[in-house]
Amino acid sequence: PRPEREPLALFVLIDRSNSMGYHIRNRLERSEQESKLAYAKRAASAVVHQLKDTDFVGLIVFDSEPFEVAPLRPLTDNRAVLEADIPRLQPGGGTDFYDALESARRQLVQSRINTKHVILLTDGDTNRGPADHYPLITALAKADISVTTIRIGDDTVNLTLLHDISGQTGGHFYHVENAEQLRELLVKDTTQALPQTPLHADTFAPRIAGASQVFRGIPQSEL
């Protein structure tokens, strides 16, 4: 049987600003089923379905302020909350992902999980200047937290900032004009982030079974 891998610690950050409520092909039409947020919610649900109960997952949505849907917890504790609350998300407000990204960073560091990853999904400009984000980018890289940034739509504002966030932390940057691609893209990115190191539950320590010249002068605790 294949050995169990180490757990992944993943935070998904989703823009729920007012612009996310419009139809993916018509900026002037509001839509419940075909909006950018609707596709983002389906993609986030697919990621939750993809992962194991031993993986750690958290979800923060943001407009002008962050809202924590679920803190970083093992999926065995979080899965029911995420599956129930993700479909209920509604759009409204502006866009500012700084505090959401900082909260994700802090919780991922505290988790002490080896493989830490963030998926940041947004369709618009942020209320803060790009320069405000670079100390946070440095802190993410220092903590070995990779961040994949996904920009939805044909808007090109802040592409450099999103590219720098992913580039300097070892994540990926995607500019997606068709929101229908989000589900496949998020599942693919999460799969690539999964740790490849097998989980070793058993530890072994040598024990001296008999006298030998080879071990003369070596305490058992130092073997």
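Residues numbered from 1 in each chain as written. Predicted model: local features only at pLDDT ≥ 70, side-chain atom pairs only at ≥ 80, totals over all residues. Heavy atoms only, no water.

1. Some points on the overall build of the protein
Here is the rule we go by: Here a strand is any run of E in DSSP of at least two residues, a helix any run of H or I of at least four, and the numbering for each starts at the N terminus. Relative accessible area decides the class of each residue, using a 1.4 Å probe on protein chains only: under 20% of the type maximum gives buried, over 50% gives exposed, and in between gives partly exposed. In this description, contact between two residues means that some pair of their heavy atoms is separated by no more than 4.5 Å.
In terms of regular secondary structure, the protein is built from 6 helices and 8 strands. Taken from N to C terminus, the helices and strands of the protein fall in the order β-β-β-α-β-β-α-α-β-α-β-α-β-α. Taking the principal axes of its C-alpha atoms as reference, the protein extends roughly 85 × 35 × 25 Å. Relative to its full complement of 223 residues, the protein shows a buried share of 47%. For the protein, contacts bridging at least 24 residues in sequence account for 72% of all contacts bridging at least 6.

2. Some remarks on the pairing of strand β5 (residues 66-74)
Selection rule: Note: two strands are recorded as paired if DSSP finds a minimum of 2 bridges between them.
With 6 bridges connecting them, strand β4 (residues 56-62) and β5 associate as antiparallel partners. Counterpart to V61 in the pairing with β5 is F67. Turn length for the β4-β5 hairpin, with the two strands adjacent in sequence and antiparallel, is 3 residues.

3. Quick notes on the sheet that holds strand β6 (residues 115-122)
Stated precisely, the cut-off is as follows: The angle between two axes is taken between their N-to-C directions and runs from 0 to 180 degrees, where each axis is a line fitted to C-alpha atoms and a helix contributes only its stretch in contact.
Overall, mixed pairing links the 6 strands, which are arranged β5-β4-β1-β6-β7-β8 in an open sheet. Strands with a single pairing partner mark the edges of an open sheet, and in this sheet they are β5 and β8 (173-176). On average, each strand axis in the sheet is tilted by 10° relative to the strand beside it, whichever way the strands run. Relative to β6, strand β1 (residues 8-15) runs parallel, the two sharing 7 bridges. Following the sheet pairing, I14 is matched in β6 by L121. With respect to the sheet, helix α5 (residues 159-169) is in contact with β6, β7 (145-152) and β8, its orientation differing from that of β7 by roughly 155°.

4. Topic: unusual backbone geometry
With a phi angle near 60°, R112 is a residue other than glycine that sits in the positive phi range. Looking at the secondary structure, you find R112 in the loop between α3 (98-111) and β6. Classification of R112 by relative accessible area gives exposed; the value is 74%. In this model, D144 sits at a positive phi of 60°, which is unusual for a non-glycine residue. Note that D144 resides in the loop between α4 (134-142) and β7.

5. Structural notes on helix α1 (residues 36-50)
To be explicit about the condition: Multiplying 1.5 Å by the helix residue count minus one yields the expected span of that helix.
When the terminal C-alpha atoms of α1 are compared, their 21 Å separation across 15 residues agrees well with the 21 Å that a helix rising 1.5 Å per residue should span. The buried fraction of α1 amounts to 11 of the 15 residues, a majority that puts the element mostly inside the structure. By the burial criterion, the buried members of α1 are K36, L37, A38, Y39, A40, K41, A43, A44, A46, V47 and V48. Buried-residue contacts for α1 involve β1, β2 (22-23), α2 (75-85), β6, β7 and α6 (182-193).

6. With respect to the packing of α1 against α6
Just so we agree on the cut-off: Left-handed describes a crossing in which the near helix is turned anticlockwise from the far one by less than a right angle; the clockwise case is right-handed. Only Asp, Glu, Lys and Arg are considered charged, only Ala, Val, Leu, Ile, Met, Phe, Trp, Tyr, Cys and Pro nonpolar, and every remaining residue, Gly among them, polar.
Remark: α1 packs on α6, axes separated minimally by 8 Å, with the N-to-C direction vectors making an angle of 35°. The two elements α1 and α6 meet at a crossing, and its hand is right-handed. Mapping the contact onto sequence places K36, Y39, A40, R42, A43, A44, A46, V47 and Q50 in α1 and L182, R183, L186, V187, T190 and T191 in α6. Looking at the contact of α1 with α6 residue by residue, the class counts come to 9 nonpolar, 3 polar and 3 charged.

7. What about α6?
Quick note on the threshold: Along the arc lie the directions from the helix axis toward the C-beta atoms.
Between its first and last C-alpha atoms α6 spans 16 Å; for 12 residues at 1.5 Å apiece the expected length is 16 Å, and the two agree. Those residues of α6 that fall on the buried side of the exposure criterion are L182, L185, L186, D189, T190 and A193. One side of α6 carries all its buried residues, which in axial view fall inside an arc of 125°. More than 90 degrees from the buried face of α6, the exposed residues found are R183 and E184. In this fold, the buried residues of α6 make contact with β1, α1, β6, β7 and β8.

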